[in-house]
Amino acid sequence: MSNNVGAQRSPYSVFKGPNLGYVMEMYELFKTSPESVDPELAEMFRSYGAPSVDGVEQATTAAAVPTGDFGKILAAYTLIDAIRAYGHLAADIYPLNDRPKDSTRLELSYYGLTENDLQTMPASLFMKNAPSTVETGLDAVNYLKSLYTGKIAYEFAHVIDEEERNWIQGKIENGEISVSLSAEDKKELLHRLTKVEGFEKFIHRTFVGAKRFSIEGLDSLVVLLDELVRKSEAEKMKKVLIGMAHRGRLNVLTHILNKPYEMMFAEFAGVPSSPFLPEDGSLVTTRGWFGDVKYHMGGLYKGPSGMERFLAYNPSHLEVVNPVVAGQTRAAQETTDHEGIPVQDTNAAYAIMIHGDAAFPGQGIVPETFNYSRVRGYRTGGSIHVIANNTIGFTTEYYDSRSTHYSSDPAKGFEVPIMHVNADSPESVIAAAAFAFEYRQKFGKDILIDLVGYRRYGHNEMDEPLVTNPMMYHLIHKHPTARQLYGEELVNANILSKEEVEKMDSDVFAVMQSAYDRVKEHSSDAKRSSNATPEIVLNGYPRDLETGVSEEQLTRMNEELLTYPENFTVFSKLNRILKRREEPFKGKGKVDWAHAEQLAFGSILQDGKPIRLTGQDVQRGTFAHRHLVLHDEKTGEEYVPLHHISGSNASFVAYNSPLTEFAVVGYEFGYNLEKDQALSIWEAQYGDFANMAQAMFDQFISASHAKWGQQSGMVMLLPHAYEGQGPEHSSARLERYLQLCAENNWTVANLSSAANYFHILRRQAKMLGTEVERPLVIVSPKSLLRHPLVGADVSDLSDGHFQTVLEQPGTGQKPEKVKKILFASGKMAIDLAEKVKDGEGFDHLHIVRVEQLYPFPSDKIAEILTRYPKAKELVWVQEEPKNMGSWSFAYSYLRELADGKDISYVGRIHRASPSEGNGEDHKVEQQRIIDEALKK
């Protein structure tokens, strides 16, 4: 039994005098010997605790209650509670009426009650502020059944917060979750449904067999979104962001983002749609040069109210757009043009996430996204979730699709209230949408609407669903559409005549036919767009972009970063480590990796670019190297030195993320899309952890520009290097990112220099928001974080720019003696450097560190090769197995540059696993690679 009832009125309030004394006596006995108390009383004691004398004073109608039959009173409470908790099982939420309703726990007989029993009890025992027509307990039961078993069903007992539960319950039982439409409103609603259905029917007839992933069966999804848009505009929100899969997307684009019918029909006809783009600039659509199918595309509508409606671009991978939209929403809510943390206004924007009923419980990205919905680095003040519930997944029936009763059940673990709504009842859908918006605004939490409908055709319009789902589709073929049902309702209510309903349908068809005729008029001379890569993309990033920062500026910033408030106590051991960062500015020691990073961050903030760094344990750094957020040893108070540097005019945050990769990578990608001036960085705890986010790299980050025209400057830091830590913590799977390289889509770097890290971060920040912006993948170090050969002098940071290749000092000093040139990256380059030291005894070779793997620095390498005309062999040295790492990628470039020289490989042989599992075996193999590479 839940406490929903008890929160309003104690069940003890019906007892007074001797009866209350008896109950209190039984409670004392229950505390020492619960088995000796009547089971029904024991259950009441467990649920509501000790009897309260105050309850007597509240019981104004107690005299009307039979004072001796405690079991009946308790049974009545249990029944009322069951209606609230289990009414959804008996509700009318399935349009096809193809699921059995379970009303067992709502029957009076189940609790040993009769109508006469309930008629002797006042309704006020069970309901607060009951309507005047609800007088007795029987009235209360019938009234509550009408509310909890209708076209909207509710689940909220799993919500822990008592205020939330009471508020939801009050809204339901006061009849506030309802809608009262005027006759004109009802006509407009029918017209909306007619346009939604008419759009699908027109395409079905005109473009026979074309895939469109029709909305039919869930037509009222557009009605739901209409209501959310209305509520959002009334609240003067700036932006609503929608994420959804392909089903129903074209209808949403057309009727929520107001994409003209002509544009849609042109896309189906295979002709350019841009001539039909609204001239007033109200609709913004982008398309990459390679493009994508029409039901993956999105758009931005700028409404007359000033509020923007955005539908996110996304691939067929169901649910993966959710975290992307969440990240975009957070960025739309934040102001970042000041030092410190961003200012967030959760009422500036919010997300609507539309899920599939099979995908919602089936795809792990869904709970990942729910999990951080109230975490400080990721919360957005609540998203409104909608399950577009076709009650089938492709051809899979619900009983093969999940282990839960409802597809919405995973949301319960995150205390998300749930409404199940019959999609054939558009007025109920409007009521549910209005309530969801009000809840989001009041509590700043996610809420879920399970919009239960069906799918009129197969998975796509070419499928024949009777082959696999005959029982369901025989029902569907007989079932009238939502428009037909609502039209009949208005005819029966004498709001419209049957002829007027039919004319509305024919008028909508005429509008669409006219739009298509205009497309046909323009199609004969329409010029098709080219799939050729644009010249600006082929030109790539600007070469040798100056990124140095004056030594004076660096010195002042370094002093500020090491100055803390008087009453702030840094952990003594850490304080000694951080104080060493003064030494490079005194001519002693080197600027290590983390120090260079912090100086880069500070200078980027001073340039006015906000920074957001997230990932598992990024504040300290997985390898205890970063320490961007300090904690007072005595109070635990946080202090962020980067919030206190002079000249900063942009925000900085470093958030430790939940233990997830897939949803966090998507979130950061979305954040950067929306706020393209922000340097958004995600760091994997170990590089291989990024495996869990592979769809984000494949479908979004590497390809979004080519597919959808969306540019990103997101940075990914992937710790990588072979130090004997086993297969999972050695390789970041560099080869996977290199395989995706093409058309200057991103930069992939494996660095061996802290100075180069400083400059590549600054270069990335300078490119943000420009036409040459692109993501950056950095295979970052572990053991090299503090390695002296990686460290930089201050002058290395104050002068110059990022260098795509570095030549190993001490080697290649006698060009006529060099017979082979070694190419290596990252830790492998440092392992070789440690061995050759000043180059003495290694006149036969020259070592080139390839810092940037893509775009491959062929021009720089070609220039180096001209200096060594007697070199006969080019050798690629790597620590990864031959079928992994960068060898296969680099080989084709080396072959173009070789000019008759031999090309060879030194590294591990082909392997199924990235590295040895035993540390000693690793040392032996690593030494073999070094010796073989350096031998004459």
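Procedures and definitions
- Counting starts from 1 at the beginning of each chain's written sequence and moves along it residue by residue.
- Side-chain atom pairs in this predicted model are given and counted only at pLDDT of 80 or more, local residue features only at pLDDT of at least 70, and totals for whole chains, interfaces and linings cover all residues.
- Each side-chain value is worked out from all heavy atoms of the structure, with water and hydrogens disregarded.
- For the purposes of this entry, the term helix denotes a DSSP run of H or I that reaches at least four residues, the term strand denotes a run of E that reaches at least two, and both are numbered from the N terminus.
- Think of it in three bands: with a 1.4 Å probe and only protein chains considered, a residue is buried below 20% of the maximum accessible area for its type, exposed above 50%, and partly exposed in between.
- Residue contacts are defined here by distance: any two heavy atoms, one from each residue, within 4.5 Å place the two residues in contact.
- Using a 1.4 Å probe, accessible areas were evaluated by the Shrake-Rupley method; residue-level cover was limited to the displayed protein chains.
- For a helix, the expected span equals 1.5 Å multiplied by the residue count minus one.
- In the analysis that follows, any N or O atom pair within 3.5 Å is treated as a polar contact, provided that within protein one partner can donate a hydrogen and the other can accept it, and provided that, for residues neighboring in sequence, both atoms belong to side chains.
- Comment: axis = line fitted to C-alpha atoms, over the contacting stretch for helices; angle = value between 0 and 180 degrees taken between N-to-C directions.
- Comment on the angle field: the value is read as roughly parallel under 35 degrees, roughly antiparallel over 145, roughly perpendicular from 65 to 115, and oblique elsewhere.
- Take the far helix as your reference; a near helix turned counterclockwise from it by less than a right angle gives a left-handed crossing, and one turned clockwise gives a right-handed crossing.
- Only Asp, Glu, Lys and Arg are considered charged, only Ala, Val, Leu, Ile, Met, Phe, Trp, Tyr, Cys and Pro nonpolar, and every remaining residue, Gly among them, polar.
- Pairing between strands is defined by DSSP: at least two bridges between the two strands are required.
- Put simply, two rings from Phe, Tyr or Trp (the six-membered ring, in Trp's case) pair if the centres are within 6.5 Å, and we call them stacked under 30 degrees between planes, edge-to-face over 60, tilted for the rest.
- Charge over a ring is defined by NZ of Lys or CZ of Arg lying within 6 Å of the ring centre and within 35 degrees of the ring normal.
- What pLDDT conveys is the predictor's confidence in a given residue, as a value from 0 to 100.
- Only buried Ala, Val, Leu, Ile, Met, Phe, Trp, Tyr and Cys residues count toward a nonpolar core, and they belong to the same one when joined by side-chain atoms within 4.5 Å.

A.B. asks: Pulling in residues and values, what's your account of the overall build of the protein?
C.D. replies: Scanning the protein from N- to C-terminus turns up 32 helices and 27 strands. Overall, the protein is about 110 × 80 × 50 Å in size when its C-alpha atoms are taken along their principal axes. When the 936 residues of the protein are sorted by exposure, 59% land in the buried category. Nonlocal contacts in the protein, meaning residues at least 24 apart in sequence, comprise 79% of its contacts between residues at least 6 apart. Carbon and sulfur atoms make up 49% of the accessible area of the protein, which totals about 36,900 Å².

A.B. asks: Tell me about helix H24 (residues 694-701), residues and numbers included.
C.D. replies: A large share of H24 lies buried, amounting to seven of its eight residues. Regarding H24, the residues found buried are Gln-694, Ala-695, Met-696, Phe-697, Gln-699, Phe-700 and Ile-701.

A.B. asks: Explain helix H7 (residues 162-173) residue by residue, including any values.
C.D. replies: When the terminal C-alpha atoms of H7 are compared, their 16 Å separation across twelve residues agrees well with the 16 Å that a helix rising 1.5 Å per residue should span. Within H7, nine of the twelve residues are buried, which leaves the element mostly enclosed by the surrounding structure. Taken residue by residue, H7 has Glu-164, Arg-165, Trp-167, Ile-168, Gln-169, Gly-170, Lys-171, Ile-172 and Glu-173 as its buried positions. If you follow the buried residues of H7, they end up packed against helix H4 (70-86), helix H6 (137-148), strand E1 (152-155) and helix H15 (426-443). Regarding H7, its N-cap is Asp-161, as a side-chain oxygen of that residue lies 3.2 Å from the backbone nitrogen of Glu-163 further along.

A.B. asks: Quick rundown of the packing of helix H8 (residues 183-206) against helix H11 (residues 261-269)? Include the residues and the values.
C.D. replies: Running from amino to carboxyl end, H8 crosses H11 at an angle of 25°, the nearest separation of the two axes being 12 Å. Taken together, the axes of H8 and H11 lie roughly parallel to each other. Note on packing geometry: the crossing formed by H8 with H11 is right-handed. Taking contact as the criterion, the partners of Lys-195, Phe-199, Phe-202 and Ile-203 in H8 are, on H11, Tyr-261, Met-264, Phe-265 and Phe-268. When the residues that make up the contact of H8 with H11 are grouped by side-chain class, the tally is seven nonpolar, no polar and one charged.

A.B. asks: Give me the lowdown on the sheet that holds strand E3 (residues 283-284), citing residues and values where you can.
C.D. replies: The nine strands lie next to each other as E1-E12-E13-E9-E8-E2-E5-E4-E3, forming an open sheet whose pairing is mixed. Each edge of the sheet is formed by a strand with only one pairing partner; in this case those strands are E1 and E3. Looking at chain direction, E3 and strand E4 (residues 299-302) are connected through two bridges and run antiparallel. Opposite Val-284, over in E4, you have Leu-300 as the bridge partner.

A.B. asks: Explain unusual backbone geometry residue by residue, including any values.
C.D. replies: For the bond from Tyr-854 to Pro-855, the omega torsion is -10°, close enough to zero to count as cis. Tracing the backbone through its elements, the reader meets Pro-855 in the loop between strand E25 (852-854) and helix H30 (858-866). The phi angle at Lys-236 is positive, at roughly 60°, despite the residue not being glycine. Here Lys-236 shows up in the loop between helix H9 (220-234) and strand E2 (239-244).

A.B. asks: Pulling in residues and values, what's your account of the sheet that holds strand E14 (residues 611-615)?
C.D. replies: Judged by pairing direction, the sheet is mixed, and its seven strands sit side by side in the order E17-E14-E18-E19-E21-E20-E25 without closing on themselves. Because the sheet does not close on itself, it has two edges, and the strands there are strand E17 (652-656) and E25. Neighbour to neighbour, the strand axes of the sheet diverge by 20° on average, direction disregarded. In this structure, strand E20 (residues 747-750) lies alongside E25, joined through two bridges in antiparallel fashion. When the sheet's bridge partners are listed, Val-748 is paired in E25 with Tyr-854. On top of the sheet, helix H22 (residues 593-606) reaches E14, E17, strand E18 (679-683) and strand E19 (715-717); it is set at about 140° to E14, its chief contact.

A.B. asks: Mind laying out the packing of aromatic side chains, listing which residues take part and the relevant values?
C.D. replies: The tally for this structure, following the rule as stated, stands at 45 aromatic pairs. Ring plane angle 20° and centroid distance 5.5 Å describe the contact between Trp-167 and Phe-435, whose orientation is recorded as stacked. Placement of the pair is Trp-167 in helix H7 and Phe-435 in helix H15, with a sequence separation of 268 residues. Across this residue pair, the class does not change: Trp-167 and Phe-435 are buried. Linked through ring pairs, Phe-199, Phe-202, Phe-207, Tyr-261, Phe-265, Phe-268, Phe-509 and Tyr-516 together constitute an aromatic cluster. The lysine or arginine in question, Arg-99, covers the ring of Tyr-398, its NZ or CZ lying 3.5 Å from the ring centre. A cation over a ring is seen here: Lys-294 above Phe-268, with NZ or CZ 4.5 Å from the ring centre.

A.B. asks: Can you lay out the pairing of strand E13 (residues 447-452) for me, pointing to particular residues and giving the numbers?
C.D. replies: Regular strands show a simple pattern: their side chains alternate between the two faces of the sheet. Burial analysis of E13 places six of its six residues in the buried class, which makes it a mostly covered element. Of the two faces of E13, the one holding Ile-447, Ile-449 and Leu-451 and the one holding Leu-448, Asp-450 and Val-452 are both buried throughout. Where strand E9 (residues 384-389) meets E13, six bridges bridge the pair, whose relative direction is parallel. Across the sheet, Ile-387 pairs through a bridge with Asp-450, a residue of E13.

A.B. asks: Describe the confidence of the model for the protein, and please don't skip the residues or the numbers.
C.D. replies: Mean pLDDT over the protein stands at 93; residues scoring 70 or higher make up 96%. Note that residues 1-8 has pLDDT below 50 and, in this model, 28 contacts with residues that lie over four places away or in other chains. Of the regions scoring below 50 in pLDDT, residues 54-68 engages in 22 contacts with residues more than four places distant in sequence or in other chains.

A.B. asks: Provide a residue-level description of the environment of Ser-180, including the pertinent values.
C.D. replies: Mapped onto the elements of the fold, Ser-180 is located in the loop between H7 and H8. Judged by relative accessible area, Ser-180 falls into the exposed class, the value being 71%. Considering only alpha carbons, one finds Ser-180 and Tyr-854, 674 residues apart in sequence, at a separation of 61 Å.

A.B. asks: Outline the nonpolar core, supporting the account with residue identities and numerical values.
C.D. replies: Core analysis: the biggest nonpolar cluster contains 127 residues, and Trp-682, Phe-697 and Phe-823 have the highest contact counts within it. Residues Phe-15, Tyr-77, Ile-449 and Ala-515 belong to the second largest nonpolar core, which totals 113 residues.

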